[in-house]
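Single-letter residue listing:
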Amino acid sequence: SCINAKEIGNRQAAIFEAISCLTSNDILLIAGKGHETTQIHDNQTIPFDDAEIARLAINDLKENIND
């Protein structure tokens with residue numbers, strides 16, 4: 001469900017949910033990582049690019065709309 005404020009511990013899930021909640025004229029700011037393309041999780045550095053995740057979320061949303 002789309003609400004004004006919600007904490008989601010998984011960054012990818014948070015980006016997907018935020019993008020799925022957007023409506024006409026909304027603006028989404030994904031802050032905190034900037035140009036970084038990795039994320040540290042359990043002492044491991046894993047690939048993670050906010051821009052790529054946002055593109056995946058948008059494409060997923062488009063596919064669901066077209067189904």
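Keep in mind that this is a model prediction, so the values were computed, not measured. (Residues numbered from 1 in each chain as written. Predicted model: local features only at pLDDT ≥ 70, side-chain atom pairs only at ≥ 80, totals over all residues. Heavy atoms only, no water.)

Asks: Any chance you could break down the overall build of the chain for me, citing the residues and the numbers?
Replies: Within the chain, the regular secondary structure consists of 2 helices and 2 strands. On the principal axes, the C-alpha backbone points of the chain span a range of 40 × 25 × 20 Å. A total of 67 residues make up the chain; the buried ones form 12% of that total. Look at the contacts in the chain between residues 6 or more apart in sequence, and 38% of them connect residues 24 or more apart. By element, 50% of the accessible surface of the chain is carried by carbon and sulfur atoms, the whole surface being about 5500 Å². Counting 5 positive and 11 negative side-chain charges, the chain places the averaged centre of each group 3 Å from the other. (Helix = DSSP H or I, 4+ residues; strand = E, 2+ residues; numbered from the N terminus. Buried < 20%, exposed > 50% of the residue type's maximum accessible area, 1.4 Å probe, protein only. Contact = heavy atoms within 4.5 Å. Areas by Shrake-Rupley, 256 points an atom, 1.4 Å probe, with all protein chains shown as cover. Lys, Arg positive; Asp, Glu negative; His and termini not counted. Charge placed at Lys NZ, Arg CZ, Asp CG, Glu CD.)

Asks: Let's hear about the pairing of strand S1 (residues 38-41): which residues, and what values?
Replies: The side chains of a regular strand alternate, first on one face of the sheet and then on the other. Judged from the 4 bridges that link them, S1 and strand S2 (residues 44-47) form a sheet pairing that is antiparallel. Among the inter-strand pairings, Ile40 is bridged to a residue of S2, identified as Thr45. The hairpin formed by S1 and S2 contains 2 residues between the paired strands, and Asp42 there has a positive phi angle of roughly 50°. (Pairing = 2+ DSSP bridges.)

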